[in-house]
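# Residue-level structure breakdown
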Amino acid sequence: MSSPTFTPDTAAALGGPSWLLARRIAAAEAFAASPLPSKEEEVWRYSRIGELDLERYATVAEAPADRHVAASSVASPAARLVLVDGFLVDSEIDPALAAAGVYVGRLIHAPGADLLLGSVMTEPTDVFALMNDAFAREPIAIVVPRGVTVERPVVIEHHVARGGAAVFPRLVVLAHDDADVRVLEVFRSGESTALVVPIVEIVASPTARVGYLGVQQLGASTWQLGSVVARAEASSTVHVSAAGLGGDYARVRTDCRLIGRGATGMLTSLYFGSGEQMLDFRTFQDHAAPDTSSTLLFKGVVDDKSASVYTGLIRVRKNARGTNALQTNRNIKLSEQAWAESVPNLEIENNDVRCKHESAVSPIDADQRFYLESRGVPPQVAERLVVAGFFDEVLARLPVPEARVALAGSIAAKLDAHEGVR
Amino acid sequence: MSELVISGLHASVRGKEILRGLDLVIRSGEVHVIMGPNGAGKSTLSHVLMGKPGYEITAGSVLLDGVDLLVLEPHERAHAGLFLAMQYPTEVPGVSIEEMLTEALVATGHPHGGLRARLEAEAERIEFDTRFLDRSLNVDFSGGEKKRNETLQLAVLQPKFAILDELDSGLDVDALRLCSRRVEAATHETGLGVLAITHYKRLLDELRPDFVHVLAKGAIQVTGGLELAEELERTGYSQWIERDTVETSVSIAGFGDDPFADPFA
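Residues numbered from 1 in each chain as written. Chains lettered and ligands numbered in written order. Predicted model: local features only at pLDDT ≥ 70, side-chain atom pairs only at ≥ 80, totals over all residues. Heavy atoms only, no water.

Mapped onto the present numbering, the UniProt feature "domain: SUF system FeS cluster assembly SufBD core" (unreviewed entry) falls at residues 163-390 of chain A. End C-alpha to end C-alpha, residues 163-390 of chain A measures 35 Å, and it is 9% helix and 61% strand. (UniProt positions renumbered as here; feature names shortened; annotations may be inferred. Helix = DSSP H or I, 4+ residues; strand = E, 2+ residues; numbered from the N terminus.)

Below, the structure written as structure tokens:
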């Protein structure tokens, strides 16, 4: 892979402590030697990866002049970090939490920094993870000590301001034994072309509880190639969720690895495609220990000429007896030209398991619409109520309930736009 | 005084003619009951009147105070004053009765400020637990809860005419009494005209019919008063049943492939 900007030199110029620098350069070299993926690979099937032209993007070398960003999406968070074009421009943390040993900030200053990065993503999931390893300007860490509960969500907001920017957000969340934390990460960009390659690593130590919600509200010309990897240890609970609303082609791959006995994984997402955008979700529910359970619920709507992809694999390894796994993907097509792909898969190596998967792609339910219309609700309003109601179940389940109202508002805005074109 | 006039109505589903020239006139405050065998077209009539997609009207007219309902969208028929209490009310996840009725009232320009209070007052009249007001419409409701929910909407929307498509099915005795009493009250309070479709006479213990009609072979065969319903309770519909209807109902009942076999043999 030869690109004038994504080189080992560019990676080296990002600096950092020696362990990070070495890691960056090694990743950049590995990236330079790797081809970009193609649709022929199963995990990229149905995607638009063939359209990716890295020449159009470059890393941003200078901190943004305008550091003003919109107010937080959540009132009084436990901590709030704001990054613009990959630069950390603002951070605040509740002093009481800091005093309790909670760390939220630049990863390089976190306790045990050199062990945090790559602690879950021991192998890069794809070349874009290599790019993130090489070019993430300011990796962020959230570390919650043993037994500490962080009541309010930790909020991380990314804004991509510069046209042609390639930004590589990196977040590591480590919840020590019996800790409890919820994280809201928001991605926004302007209308110009941009590439966002976020990686999130989550560790839930024994009996810890971690909730993560990634809200993607990127501009219509932004590409996103993201990955979330979570590791759940014994009797812990990890809830990884996403809201996919913006972007041109926006992909999130989620790997939920249940490696400790009795671990629980929840995967919850909602997405709403419009215009010509494509929202692409890949999930892996990996049961690698006995008595683990995972529940996946992904619900999406595609309008106009947009498309969505859901492909998911439940993998139950040989030793994972007593596994309980659910996988549900439902899609509503609001227009004839819209397209939704839904491919659930099972790979089971143990007999003592309960697995269920379910997927559906259909237009808006005619009976539901008729019911509302028969009471005097006009057709477009009926459609809006049914679609909003369709997402209700997902909104209710999100691990960061503080974000529900804003998300319901974003969905309503998309539905209003839908009514507007009719 | 309002008037719902159905004249010479013919309707088909997937090319099969179900209604074959149905005539009926309902005026404010009147209670009309339609009884009839399975497959006679009772539910088709209710769906066609409300404008459910999937039916083809081949002839006839339906006028509400002179307004041609058949050219209107379902929500416009509702605005014109028609209400359908469905036999199988649809589950609508994530939408509450209050959200739905707010939108319905907004669409007609009616004030909806006091909606919550009206819902609660009407719910109390039919002993419908107000916790259902905040739940998704019909989702995980029992049969009786669904019918109470339909009756509640009828009471709040105050239509000119209501079609009750087997309101009695799935209702326990208490709920049936409360719901039919509420409808009966509306005929006096707001001059509601009622077209009640039923198989059973028990609905008529509270809802006093002015007219009882037998619908068979896609048309009204005979009209009478309460005594007709009583007679039907004793004699059944055998004299109006078509051969093909008999075959259908017998095979549905699970008595085997031979429609003429003795089911008790």
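Next up on the list: helix H6 (residues 173-189) of chain B. Residues and elements named next belong to chain B. In this model, H6 (17 residues) spans 24 Å end to end at C-alpha, consistent with the 24 Å of a helix rising 1.5 Å per residue. Taken together, the buried positions of H6 are Ala175, Leu176, Leu178, Cys179, Ser180, Arg182, Val183, Glu184, Ala185, Ala186 and Thr187. Where H6 begins, the side chain of aspartate 172 points an oxygen toward the backbone nitrogen of aspartate 174, at a separation of 3.2 Å. Glycine 191, located one to two residues past H6, shows a positive phi value of around 70°. (Expected span 1.5 Å × (residues − 1). Buried < 20%, exposed > 50% of the residue type's maximum accessible area, 1.4 Å probe, protein only. Polar contact = N/O pair within 3.5 Å; in protein donor to acceptor, adjacent residues only side chain to side chain.)

For the rest of this paragraph, the subject is the packing of helix H3 (residues 97-108) of chain B against helix H4 (residues 115-125) of chain B. Residues and elements named next belong to chain B. Contact geometry of H3 with H4 gives a least axis separation of 11 Å together with a crossing angle of 125°. Taken together, the axes of H3 and H4 lie oblique to each other. Between H3 and H4 lies a crossing of right-handed hand. Contact residues: Ile97, Glu98, Leu101, Thr102 and Leu105 in H3; Leu115, Arg116, Arg118 and Leu119 in H4. For the contact of H3 with H4, the class distribution of residues is five nonpolar, one polar and three charged. (Axes fitted to C-alpha atoms, helices over the stretch in contact; angles between N-to-C directions. Parallel < 35°, antiparallel > 145°, perpendicular 65-115°, else oblique. Left-handed = near helix turned anticlockwise from the far one by under 90°. Contact = heavy atoms within 4.5 Å. Nonpolar A, V, L, I, M, F, W, Y, C, P; charged D, E, K, R; others polar.)

Summed over the entire model, instances satisfying the criterion amount to 14 aromatic pairs over all chains. Taking 4.9 Å as the distance between ring centres and 5° as the angle between the ring planes, the aromatic pair formed by B:Phe128 and B:Phe132 counts as stacked. Taking relative accessible area as the criterion, B:Phe128 reaches 3% and is therefore assigned buried. Seen in terms of ring centroids, B:Phe132 and B:Phe141 are 4.9 Å apart; in terms of plane orientation they differ by 70°. Their pairing is edge-to-face. Overall, B:Phe132 belongs to the buried group, its relative accessible area being 5%. Every member of this aromatic cluster is reached through a ring pair, and the members are A:Tyr271, A:Phe281, A:Phe298 and A:Tyr310. (Phe/Tyr/Trp six-rings, centres within 6.5 Å; stacked < 30°, edge-to-face > 60°.)

On the surface, B:Glu227, B:Glu230, B:Glu231 and B:Glu233 cluster together to form a negatively charged patch. Mapped onto the elements of the fold, B:Glu233 is located in helix H7 (residues 226-235). (Patch = residues over 30% accessible without salt bridge, like charges linked within 9 Å, V, L, I, M, F, W, Y side chains within 5 Å. Areas by Shrake-Rupley, 256 points an atom, 1.4 Å probe, with all protein chains shown as cover. Salt bridge = Lys/Arg side-chain N within 4 Å of Asp/Glu carboxyl O. Lys, Arg positive; Asp, Glu negative; His and termini not counted. Charge placed at Lys NZ, Arg CZ, Asp CG, Glu CD.)

This brings us to the nonpolar core. With 79 residues, the main nonpolar core has A:Leu184, A:Phe272, A:Leu372, B:Leu82 and B:Leu152 as its most contacted residues. Element by element, the count of residues in this core is highest for helix H7 (residues 379-397) of chain A, at nine residues. Beyond its immediate chain neighbours, meaning those up to four positions away, A:Leu184 contacts A:Ser73, A:Val74, A:Val154, A:Val155, A:Ile156, A:Leu213, A:Val215, A:Val400 and A:Ala403. One finds A:Phe187, A:Val210, A:Phe281 and A:Phe298 within the second-largest nonpolar core, a separate group that totals 57 residues. (Core = buried A, V, L, I, M, F, W, Y, C linked by side-chain atoms within 4.5 Å.)

All names here are of chain B. Taken together, the six strands give an open sheet; going across it, the order is S6-S7-S8-S3-S9-S10, and neighbouring strands pair in mixed fashion. Taken across any chain shown, the strands that pair with only one partner, and hence form the sheet edges, are strand S6 (82-85) and strand S10 (219-224). Strand after strand, the sheet turns through a mean of 20° between neighbouring axes, direction not considered. The pairing of strand S9 (residues 211-216) with S10 spans five bridges and is antiparallel. The residue of S10 that forms the bridge with valine 214 is valine 222. Contacts between helix H1 (residues 42-50) and the sheet are confined to strand S3 (31-35), S6, strand S7 (161-165), strand S8 (193-197) and S9, with S6 contributing the most and set at about 140° to the helix. Seen against the sheet, helix H5 (residues 143-157) touches S6 and S7 and runs at an angle of roughly 170° to S6. (Pairing = 2+ DSSP bridges.)

The two faces of the sheet receive side chains in turn, since in a regular strand these alternate between them. Residues and elements named next belong to chain B. Judged by how many residues are buried, S8 sits mostly within the fold: five of five residues are covered. Of the two faces of S8, the one carrying Gly193, Leu195 and Ile197 and the one carrying Val194 and Ala196 are both buried. Sheet topology note: the S3/S8 ladder contains four bridges and is parallel. Residue pairing in the sheet places valine 31 in a bridge with valine 194 of S8. Here S7 runs beside S8; their pairing, made up of five bridges, is parallel. For aspartate 165, the partnering residue across the bridge sits in S8 and is isoleucine 197. What joins S7 to S8 is H6, and the crossover it makes is right-handed. (Right-handed = clockwise from strand over helix to strand, strands pointing away.)

Time to look at the environment of A:Thr295. Residue and element names in this part refer to chain A. With respect to the helices and strands, threonine 295 occurs in strand S18 (residues 293-302). Residues threonine 295 and proline 124 lie 171 residues apart in sequence; the distance between their C-alpha atoms is 25 Å. Beyond its immediate sequence surroundings of up to four residues, threonine 295 is in contact with Gly265, Met266, Leu267, Gln285, Leu326 and Arg397.

Attention now goes to the interface of chain B and chain A. Listed as interface residues are 30 residues of chain B and, on the opposing side, 19 residues of chain A. Each partner contributes to the roughly 1900 Å² buried at the junction of chain B and chain A, and carbon and sulfur atoms together form 69% of this total. On the chain B side of the contact with chain A, B:His75, B:Met100 and B:Glu103 bury the most area, a combined 25% of that side's loss. The tally of links between chain B and chain A comes to three salt bridges. There are nine residue pairs in polar contact (both at pLDDT 80 or more) connecting chain B and chain A. Secondary structure elements with two or more residues in the side of chain B that touches chain A: helix H2 (74-80), S6, H3 and H5 of chain B. The element contributing the most residues to the side of chain B that touches chain A is H3(B), with five residues. Across the side of chain B that touches chain A, the residue classes tally to 17 nonpolar, eight polar and five charged. (Buried area = accessible area lost by both parts, 1.4 Å probe.)

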